[in-house]
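# An overview of the molecular structure
Listed below are the residues making up each chain.
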Amino acid sequence: MIEKDGAYVFEDSPYIQQILTVLRDARTDTIAFRRNLVALGRYMAYELTKTFPIERLTVQTPLARTEGVRIRMDKITLVVVLRAAIPFMEGVIKVLDNAKVGIISASRGSPPDFSIEIKYVRVPNIDDDTLIIIDPMIATGSTLIKVLEECRKCGNPKRKIIMGVLAAPAGVGRIKKSYHDVEIYVAAMDSTLNDKGYIVPGLGDAGDRAFNTEFE
Ligand code: URA
């Protein structure tokens, strides 16, 4: 992973980049899009475990005792930002399988202010947890700032992480200005946002592509 514009980017993983390429491709249909979003969540979570502490232990094989390792992933809360994060989270939780899960519904209004409406919050106590907020598209950053505000009401996590598919530097900059200790992990950092707040080149509307809907 490399650091870019304030985020950690899995640009050096050809497998992650191959999945991202399928997600970006406008010809990818809903079924393949969702399947690849699940796969991306799984492989990004696997990469993320490299940042977790480990314990050394010994294990008895059928033949002898030998050295082993256990990753410390006992206090993790995943927060899913509806709706495109659902398939992404399905992949993440295959790796971080003991995590607690919270849900926040947030919808973004129209330009120019893109005001955010939070309609549903169900987040457990996150004191001392590693909080991982899952939201595939980190565009303007407005949704995630509201989501972080909601999470702050639920405790004081020891680590705050945002996991996304794509980000734009403007959104990452806004989030880091309000929450400088948040770590942001994405598959790629794209260059810009269009006047509707979409990431360009991006992959389009992640929710519509994952759920076969077209609201606009
Ligand atoms: N949400 C999306 O689904 N796509 C974008 O490009 C930005 C926000």
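The model shown is predicted, which means the values in this text are computed figures rather than measured ones.

Judged by side-chain polarity, Leu-82, Ile-86, Val-101, Ile-103 and Tyr-120 come together as a nonpolar surface patch covering roughly 370 Å² of accessible area. As for its placement among the helices and strands, Tyr-120 is situated in strand β7 (residues 116-122). On the accessibility criterion, Tyr-120 (41% relative accessible area) is partly exposed.

When you tally the buried positions in strand β5 (residues 76-82), you get six out of seven residues, the bulk of the element. Note that β5 and strand β8 (residues 130-134) share five bridges and pair parallel. By the bridge assignment for β8, Leu-78 is matched with Ile-132. Bridge analysis of β5 against strand β6 (residues 100-108) gives six bridges, and the strand direction is parallel. Residue pairing for β6: Thr-77 is matched across the bridge by Lys-100.

Take the nonpolar core next. Counting residues in hydrophobic clusters, the biggest one holds 38 residues, and the most contacted among them are Leu-40, Leu-78, Ile-132, Met-163 and Val-165. Elements supplying a minimum of two residues to this core: α1 (14-24), α2 (30-48), β5, α3 (85-95), β8, β10 (159-163) and α6 (206-211). Examining the composition of this core, we find that six residues originate from one element, α2, more than from any other. The next biggest cluster of nonpolar side chains, apart from the first, holds 27 residues, and it includes Ile-138, Cys-154, Ala-167 and Met-189.

Time to look at the pattern of salt bridges. Under the definition given, this model contains 14 salt bridges. A salt bridge links Asp-74 to Arg-72; the nearest nitrogen and oxygen atoms lie 3.7 Å apart. Given the relative accessible area of 46%, Asp-74 is considered partly exposed. Residues Lys-94 and Glu-90 are paired through a salt bridge, measuring 3.7 Å at the closest nitrogen-oxygen approach. In this pair, Lys-94 and Glu-90 both sit in helix α3, four residues apart, roughly one turn of the helix. On the basis of relative accessible area, Glu-90 is assigned to the partly exposed category, the value being 41%. Residues joined by salt bridges that share partners form a network here, namely Glu-55, Arg-70, Arg-72 and Asp-74.

We now examine α2. Taking 1.5 Å of rise per residue, the 19 residues of α2 would be expected to cover 27 Å, and the 26 Å separating its terminal C-alpha atoms lies within 8% of that figure. When α2 is considered as a whole, its buried residues turn out to be Thr-30, Ala-32, Phe-33, Asn-36, Leu-37, Val-38, Leu-40, Gly-41, Met-44, Ala-45, Glu-47 and Leu-48. As for α2, its buried residues are in contact with α1, α3, β8, β10, β12 (182-186) and α6.

The subject of this paragraph is the site of the ligand. The full set of residues close to the ligand is Arg-108, Met-137, Ala-139, Gly-197, Tyr-198, Ile-199, Gly-204, Asp-205 and Ala-206. One of the backbone nitrogen or oxygen atoms of Gly-204 is found 2.8 Å away from a nitrogen atom of the ligand. Within the backbone of Ala-206, a nitrogen or oxygen atom sits 2.8 Å from an oxygen atom of the ligand. In the complex, 88% of the free accessible area of the ligand, which totals 240 Å², lies under the protein chains. A breakdown of the residues in the shell around the ligand according to their chemical character gives five nonpolar, two polar and two charged.

Calculation rules
- Within any chain, residue numbers begin from 1 and follow the written order of that chain's sequence.
- It should be noted that, the model being predicted, local features are given only for residues of pLDDT at least 70 and side-chain atom pairs only at 80 or more, the latter also being counted only at that level, while totals for whole chains, interfaces and linings use all residues.
- Hydrogens and water are ignored here; the side-chain numbers use all heavy atoms of the structure.
- Two distance rules govern patches: like charges are joined within 9 Å, and nonpolar side chains (Val, Leu, Ile, Met, Phe, Trp, Tyr) within 5 Å, applied only to residues with over 30% relative accessible area and no salt bridge.
- With residues, only the protein chains shown are counted as cover, and all accessible areas are computed by Shrake-Rupley using a 1.4 Å probe.
- Here a salt bridge means any side-chain nitrogen of Lys or Arg lying within 4 Å of a carboxyl oxygen belonging to Asp or Glu.
- Comment: elements are numbered from the N terminus, with helices defined as DSSP H or I runs of at least four residues and strands as E runs of at least two.
- Residue burial is assigned from relative accessible area. The probe radius is 1.4 Å, only protein chains are included, and a residue is buried under 20% of its type maximum, exposed over 50%, and partly exposed in between.
- For two strands to be treated as a pair, DSSP must find no fewer than two bridges joining them.
- Working definition of a nonpolar core: buried Ala, Val, Leu, Ile, Met, Phe, Trp, Tyr and Cys residues. They are joined through side-chain atoms within 4.5 Å.
- In this scheme, a helix's expected span is set at 1.5 Å multiplied by one less than its residue total.
- By definition, residues are in contact when any of their heavy atoms lie within 4.5 Å.
- Near residues are defined by distance, with any heavy atom within 4 Å of the molecule or strand qualifying the residue.
- Think of a polar contact as two N or O atoms within 3.5 Å of one another; within protein, one of them needs to be a possible hydrogen donor and the other a possible acceptor, and neighboring residues in sequence only count if both atoms come from side chains.
- Residue type decides the class: Asp, Glu, Lys and Arg count as charged, Ala, Val, Leu, Ile, Met, Phe, Trp, Tyr, Cys and Pro as nonpolar, and the leftover types, Gly among them, as polar.

Such coordinate-based values are descriptive only and should not be taken to indicate function.
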